[in-house]
2 protein chains.
Amino acid sequence: MTPVAKRKMERRKTFNDYIAKKQLKSTKQRDIIFNEFFNSYMGRHVTVEELYEDIKKNNPSIGFATVYRTLKLFKECGIASERNFGDGKARYEPIRSETEHHHHMICTECGQIVEFANMQIESCLLQVAKLNEFNVSNHKLEIYGICSSCREAQR
Amino acid sequence: MTPVAKRKMERRKTFNDYIAKKQLKSTKQRDIIFNEFFNSYMGRHVTVEELYEDIKKNNPSIGFATVYRTLKLFKECGIASERNFGDGKARYEPIRSETEHHHHMICTECGQIVEFANMQIESCLLQVAKLNEFNVSNHKLEIYGICSSCREAQR
DNA sequence: TACGATATTGATATTTAAAATCAATAATAA
DNA sequence: TTATTATTGATTTTAAATATCAATATCGTA
C-alpha cells in the first residue's frame, strides 16, 4: 500500500472512531463532504463557501450548514486544520501527516500561498514552550510579504 | 533620555509624519486615543471594544468608530500591530521596538498570553523567505497550548 | 423488520465584528 | 476670516459565524 493510501485509511479510521466515541452518526452527507474535501483539496486551503459551492454541483440538496458543521467536525477530530489568513474568512485544510507541521507564506498582493516546513523552527519552538512550561497543542507561523512575480509586475 | 522616553518620542514622530504625509489632520480625539493606548496598553493586547470602554470613562463623548479608525491608523503607520488569537476579535498592541519581533504563546484554557522572542527562529524564517524569493513585510507565530497553572488545576 | 430514541439535516434566523455612510463639526492653509 | 477638506459620532450595512427548529435519517434493540 502506498503511503498516501495508508494515510487515507488512517484518516477515515480517525473520523469513524471520533463518530463512535462521541456517539454521532455516519450520514450520506458526511461521506460526500469527506470524499470531496480529502480528494479535491489536498494541499489547498478552502473556505466553507467554496467547498459548499463545489459540492453543490453534484449534490444540489446539501445545505451550507451541513458543510460548515462537517468541516468543524474534521477539525475537532484532528484530520483538518482551520487557518485564517486575515481576509476574514476561515479556511480549512486537510492534514497530510501527523508529524510534519508545515507553515504558510502569503503574498499580500496576489494571495498566493506557499507552504513550507522547517525542522529547525519546530525544535526552537518546542524549546521555547518547554522553558515556559507550556504543553503545546498547536502552533502556526505565517509570513506575509510580496512574491517574486508580484515584485516583477510592479516594475 | 531613557530608551523608553526616546521610543515614545519616535512613536509620536512616526505618527505625526504619517498624518502630514497623508494630509490627515491632528485632532483632540486622536491625541486622547494615542495617549491612552500607548500609556496604558504597553505589552498588552486590547480589543477595540475594551479600549473604547476604557477611554469613555474620562472622555464620554468619544465614539466607538473613532477609536476603531484610530487603531487602524496606528497599524497603518507601523506603531501598532493587529493580532488575532482566534476568538473572532481583533486585538491591537503597541509596537515597542522596530527591531525586536516577538511572538505569542496562548493558553487555550485561561487565555493567558506569554510573549517571547527568539533570534534563531527569526533568522530561519528569513532564510526560508529568501529561498522562495519572498520579500517579507510581516510575520506571526502563535503557539497554542496549556500553561502550567492550568495543568495543575486540571489534576 | 419495525420501533423508539436520538442525532442530523437544511432552511432560516440571529449574533457579532468589521466596515460603510453621512450630516454636523473641526482643522488647516491661504 | 473664509474656503476647503478631513474628522467625528451616531447609525446602518455587510458578511461570516453560529444558533434554532421542524422534518428526517440513523441505529441499537426488541
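Residues numbered from 1 in each chain as written. Chains lettered and ligands numbered in written order. Predicted model: local features only at pLDDT ≥ 70, side-chain atom pairs only at ≥ 80, totals over all residues.

### Considerations on the overall build of chain A
Argument step 1. The helix and strand inventory of chain A stands at 6 helices and 6 strands.
Argument step 2. For chain A, the N- to C-terminal ordering of α and β elements is α-α-β-α-α-β-β-β-β-α-β-α.
Argument step 3. Counting every position in chain A, which comprises 155 residues, the buried fraction comes to 20%.
Argument step 4. Put simply, of all contacts in chain A between residues at least 6 apart along the chain, 48% involve residues at least 24 apart. (Helix = DSSP H or I, 4+ residues; strand = E, 2+ residues; numbered from the N terminus. Buried ≥ 20, exposed ≤ 12 C-beta atoms within 10 Å, placed from the backbone. Contact = placed C-beta atoms within 7 Å.)

### Topic: the pairing of strand β6 (residues 135-146) of chain B
Each regular strand carries side chains that alternate between the two faces of the sheet.
Argument step 1. Here 11 bridges tie strand β6 (residues 135-146) of chain A to β6 of chain B, and the two strands are oriented antiparallel to one another. Opposite Leu 141 of chain A, over in β6 of chain B, you have Leu 141 of chain B as the bridge partner.
Argument step 2. Across 4 bridges, strand β4 (residues 103-107) of chain B lies against β6 of chain B in parallel orientation. For Ile 106 of chain B, the partnering residue across the bridge sits in β6 of chain B and is Tyr 144 of chain B. (Pairing = 2+ DSSP bridges.)

### Observations concerning the sheet that holds strand β2 (residues 80-84) of chain A
All names here are of chain A.
Argument step 1. Spatial strand order, β1-β3-β2: 3 strands in an open sheet with antiparallel pairing. The sheet is open, and its two borders are formed by β1 (46-47) and β2, each paired with just one other strand.
Argument step 2. Against the sheet, helix α4 (residues 64-76) touches β2 and β3 (90-94), its axis set at about 110° to β2. (Axes fitted to C-alpha atoms, helices over the stretch in contact; angles between N-to-C directions.)

### Section: the protein's contact with DNA strand C
Argument step 1. In the vicinity of DNA strand C there are 22 residues, among which Leu 24, Gln 29, Gly 63 and Thr 66 of chain A together with Ala 90 of chain B approach most closely.
Argument step 2. Within the residue set of the surface near DNA strand C, elements represented by two or more residues are α2 (28-40) and α4 of chain A.
Argument step 3. By residue number, the principal contributor to the surface near DNA strand C is α4 of chain A, which donates 4 residues.
Argument step 4. Grouping the amino acids of the surface near DNA strand C by side-chain chemistry returns 7 nonpolar, 9 polar and 6 charged. (Near = placed C-beta within 6 Å. Nonpolar A, V, L, I, M, F, W, Y, C, P; charged D, E, K, R; others polar.)

### A word on the interface of chain A and chain B
Argument step 1. With 30 residues of chain A at the interface, the matching set in chain B holds 30 residues.
Argument step 2. At the level of secondary structure, the elements contributing two or more residues to the side of chain A that touches chain B comprise β5 (113-116), α5 (119-131), β6 and α6 (148-154) of chain A.
Argument step 3. Per-element accounting of the side of chain A that touches chain B gives the leading share, 12 residues, to β6 of chain A.
Argument step 4. Of the residues assigned to the side of chain A that touches chain B, the class counts are 15 nonpolar, 11 polar and 4 charged.

### Focus: the sheet that holds β6 of chain B
Argument step 1. Taken in spatial order, the 6 strands make up an open sheet running β5(A)-β4(A)-β6(A)-β6(B)-β4(B)-β5(B), and their pairing is mixed. Both outer strands of the open sheet, β5 of chain A together with β5 (113-116) of chain B, are each paired with one neighbouring strand and no more. When strand polarity is set aside, the average angle formed by the axes of neighbouring strands in this sheet is 20°.
Argument step 2. Of the strands in this sheet, β6 of chain A together with β4, β5 and β6 of chain B are in contact with α5 of chain A, which crosses β6 of chain A at around 130°.

### Let's talk about the relation of the copies chain A and chain B
Applying a rotation about an axis and a shift along it to one chain copy brings it onto the other copy.
Argument step 1. With an RMSD of 0.1 Å, the operation that places chain A on chain B is a rotation of 180° combined with a shift of 0.0 Å along the axis. Classification of the inter-copy transformation places it as that of a two-fold axis. In terms of C-alpha distance to the rotation axis, chain A has Leu 141 of chain A as its closest residue, with the C-alpha 2.1 Å off the axis.
Argument step 2. Looking at the interface residues of chain A, 100% of them are also at the interface in chain B, so both copies use one shared face. (Least-squares fit on C-alpha atoms with pLDDT ≥ 70 in both.)

### Looking at the packing of helix α3 (residues 48-58) of chain B against helix α4 (residues 64-76) of chain B
All names here are of chain B.
Argument step 1. Viewed as axis vectors pointing N to C, α3 and α4 meet at an angle of 125°, and their least axial separation amounts to 9 Å. One way to sum up the angle between α3 and α4 is to call them oblique. In the packing of α3 onto α4, the handedness of the crossing is right-handed. Residues Val 48, Leu 51, Tyr 52 and Ile 55 of α3 pack against Phe 64, Val 67, Tyr 68 and Leu 71 of α4.
Argument step 2. Counted by class, the contact of α3 with α4 contains 8 nonpolar, no polar and no charged residues. (Parallel < 35°, antiparallel > 145°, perpendicular 65-115°, else oblique. Left-handed = near helix turned anticlockwise from the far one by under 90°.)

### Considerations on the protein's contact with DNA strand D
Argument step 1. As a matter of local geometry, DNA strand D sits amid 23 residues, with Ala 90 of chain A together with Leu 24, Gln 29, Gly 63 and Thr 66 of chain B nearest to it.
Argument step 2. The set of elements that each furnish at least two residues to the surface near DNA strand D consists of α4 of chain A together with α2 (28-40) and α4 of chain B.
Argument step 3. With 4 residues, α4 of chain B is the largest single contributor of residues to the surface near DNA strand D.
Argument step 4. Of the residues in the surface near DNA strand D, the class split is 8 nonpolar, 9 polar and 6 charged.

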